[in-house]
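Here are the chains, one letter per residue:
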Amino acid sequence: MKISEFLNNGKVGISCELFPPKLGSQLNNAKEVVREMAKLSPSYMSITYGATGGTSEYTVDIANEIQNVNHIPALAHLTCVSSTKEKVHSVIEQLKEKHIENILALRGDIPREADFPLPNQYRYACELIADIKSQGDFCIGGACYPEGHPEADSIQEDLVHLKEKVDAGCDFLTTQMFFDNNIYYNFMYKVLQKNIKAPVIAGIMPVTNSGQIKKIISLSGNMVPPRFKAIVDRFSDNPAAMRQAGIAYATEQIIDLIANGVDHVHIYTMNKPDVAGEILQNLSEIYIRN
C-alpha cells in the first residue's frame, strides 16, 4: 500500500522508524525488533539506509521483513551520499521484486573529508527523487527541516530547495525532529506560502536519556525549549525518571499535534518497541489502530 493513499483519509496515523543492524550477525535481533514493533500496528514502518552506507545492504531485507512477513507497509530509505547511481538502480530492482513501493529519498549526511559527489553519485535529493520516479510507480517521501537545514543560509533558501524536491516528484515530506510544536506550526505556514502542497508528517523523537539530547543538539542544532531543558536538567541523573519524563513529553507533543489537526505523526523509535508501545498506550483512545 502506498503511504500517499492514507495520508489524506482524515484518520489519525502513527508510524515508526527503525535502523538496520551494523553487523549481519545482528540481523535476527533486528527482525525481532520489527516483530515487536509490528504488534503496535503502526500505519507504516520506515527503515533507514545508514549514514555512510555501512548498513545499507540490510535495508531491503528488513523492509521485506516489515511488509511481507509482518504485513505492515514498509518505507525503504535511499541516499545520495552512501550510494552510486548503479547501487540505487540495483536496490530499486530489489524493492520491485519484494513489491515494496514506498521510498524515502535523502541526500544524507556527508562524511567528514569525503569526496562528494563522485561522478557516479547524485548530488541532491531532488536528482535522486526524479530518477526513482522515472524507474517505477513508487510513492516517494522526502525530508524537511522545520528549523532550517543546518547547511542552508536561511529558512527561505531551504524552502526553495524543498519545493524543488516536491516538484521533482516527492509525494510527502517528513520533518526532522523538533521539541516545540510551535516550530512545526510556524514551518507549515511557510510551506503554504511557498505553495508546497505535499503532506508534511510531523517527526517526533522521545528522548529517554540525557545522552540523546546532547547528541541531537550537536548534530542538528535543534532548539531545546526551556520546558524540555528543565526536564533534562532535573531527571538526567535518574535513568528511570528520565525515561518516563521523555515518554510523557513526546506523548504530550503528539496529543497537541493531533488536537491541532495534524493527522499523521512519525516516531523516531531508536529501535525501542517498548518506548513506542508506551506512547501508543498513552494514546489508546486517541489513536485507534487498524
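Up top you'll find the structure we're talking about.
Residues numbered from 1 in each chain as written. Predicted model: local features only at pLDDT ≥ 70, side-chain atom pairs only at ≥ 80, totals over all residues. Heavy atoms only, no water.

*Asks:* Quick question: what am I supposed to make of the overall build of the protein chain here?
*Replies:* Per the secondary structure count, the protein chain includes 10 helices and eight strands. Here the protein chain has a C-alpha radius of gyration of 18 Å; the compact-globule value for 290 residues is 19 Å, and the two agree. Buried positions account for 53% of the 290 residues belonging to the protein chain. Within the protein chain, residue pairs in contact and separated by at least 24 positions form 80% of the contacts whose partners lie at least 6 positions apart. Accessible area of the protein chain: about 13600 Å², with a carbon and sulfur share of 50%. Both charge centroids of the protein chain, one from 27 positive and one from 34 negative side chains, sit 2 Å from each other. (Helix = DSSP H or I, 4+ residues; strand = E, 2+ residues; numbered from the N terminus. Rg over C-alpha atoms; globule rule 2.2 N^0.38 Å. Buried < 20%, exposed > 50% of the residue type's maximum accessible area, 1.4 Å probe, protein only. Contact = heavy atoms within 4.5 Å. Areas by Shrake-Rupley, 256 points an atom, 1.4 Å probe, with all protein chains shown as cover. Lys, Arg positive; Asp, Glu negative; His and termini not counted. Charge placed at Lys NZ, Arg CZ, Asp CG, Glu CD.)

*Asks:* How should I be thinking about the side chain of Thr251 in this particular structure?
*Replies:* You can see Thr251 is positioned in helix H9 (residues 239–259). By relative accessible area, Thr251 is classed as buried at 5%. In this structure the side chain of Thr251 is engaged in a polar contact, spanning 3.1 Å, whose partner is the side chain of Asn282. For Thr251, the residues in contact, after removing those within four places along its chain, are Ile279, Asn282 and Leu283. (Polar contact = N/O pair within 3.5 Å; in protein donor to acceptor, adjacent residues only side chain to side chain.)

*Asks:* Please explain unusual backbone geometry as it appears in this structure.
*Replies:* Residues apart from glycine generally show negative phi values, whereas peptide bonds are mostly found in trans. Although it is not a glycine, Ser41 sits at a positive phi angle of roughly 55 degrees. Structurally, Ser41 is set in the loop between helix H1 (27–38) and strand E2 (45–47). The exposure class of Ser41 is partly exposed, given its relative accessible area of 22%. With a phi angle near 60 degrees, Asn195 is a residue other than glycine that sits in the positive phi range. Inspection of the secondary structure assignment puts Asn195 in the loop between helix H6 (181–193) and strand E7 (200–204). Accessibility expressed as a relative area gives 44% for Asn195, which makes it partly exposed.

*Asks:* Help me out: how do you make sense of the sheet that holds strand E4 (residues 102–106) in this one?
*Replies:* In space, the eight strands of this closed barrel follow the order E1-E2-E3-E4-E5-E6-E7-E8, with parallel pairing throughout. Taking each pair of neighbouring strands and ignoring which way they run, the sheet shows an average axis angle of 30 degrees. Bridge analysis of E2 against strand E3 (residues 74–79) gives three bridges, and the strand direction is parallel. In the sheet register, Ile47 faces E3, and the bridge partner there is Ala76. Running at roughly 170 degrees to E3, helix H3 (residues 85–97) makes contact with E3 and E4 of the sheet. (Pairing = 2+ DSSP bridges. Axes fitted to C-alpha atoms, helices over the stretch in contact; angles between N-to-C directions.)

*Asks:* Can you walk me through the packing of H9 against helix H10 (residues 273–282) in this structure?
*Replies:* A pair of packed helices can be characterised by two numbers: the angle between their axes and the separation between those axes. Where H9 meets H10, the axes come as close as 10 Å, and the angle between the chain directions of the two elements is 50 degrees. By the criterion of interaxial angle, the relationship of H9 to H10 is oblique. The handedness of the crossing between H9 and H10 comes out as right-handed. Touching Arg243, Ile247, Ala250, Thr251 and Ile254 of H9 are Asp274, Val275, Glu278, Ile279 and Asn282, all from H10. A per-class count over the contact of H9 with H10 returns five nonpolar, two polar and three charged. (Parallel < 35°, antiparallel > 145°, perpendicular 65-115°, else oblique. Left-handed = near helix turned anticlockwise from the far one by under 90°. Nonpolar A, V, L, I, M, F, W, Y, C, P; charged D, E, K, R; others polar.)

*Asks:* Help me understand the environment of Asp171 in this model?
*Replies:* If you trace the backbone, Asp171 turns up in the loop between helix H5 (155–168) and strand E6 (172–175). A relative accessible area of 26% means that Asp171 is categorised as partly exposed. Look past the residues within four positions of Asp171 in its chain and what remains in contact with it is Lys133, Phe138, Cys139, Ile140, Ala198 and Pro199. For Asp171, the side chain forms a polar contact with the side chain of Lys133, separated by 2.9 Å.

*Asks:* When you look at the packing of H1 against helix H2 (residues 59–69) in this model, what are you seeing that I'm missing?
*Replies:* Between H1 and H2, the least distance of the axes is 10 Å, while the angle of their chain directions is 30 degrees. Viewed along their axes, H1 and H2 form a crossing whose handedness is right-handed. Packed against H1, whose contacting residues are Leu27, Ala30, Lys31, Val34 and Arg35, the element H2 presents Asp61, Ile62, Glu65 and Ile66 at the interface. Classifying every residue of the contact of H1 with H2 by side-chain character gives five nonpolar, no polar and four charged.

*Asks:* Is there a simple way to explain the nonpolar core in this structure?
*Replies:* Grouped burial of nonpolar side chains is what soluble globular proteins tend to show. Among the nonpolar cores identified, the biggest contains 66 residues, and Ile66, Leu78, Ile132, Leu173, Ile254 and Leu257 are the most heavily contacted of them. Among the elements that make up this core, the one with the highest residue count is H1 (six residues). Setting aside residues up to four positions removed in sequence, Leu78 forms contacts with Tyr49, Val88, Val91, Ile92, Ile103, Leu104, Ala105, Leu106, Leu128 and Ile132. (Core = buried A, V, L, I, M, F, W, Y, C linked by side-chain atoms within 4.5 Å.)

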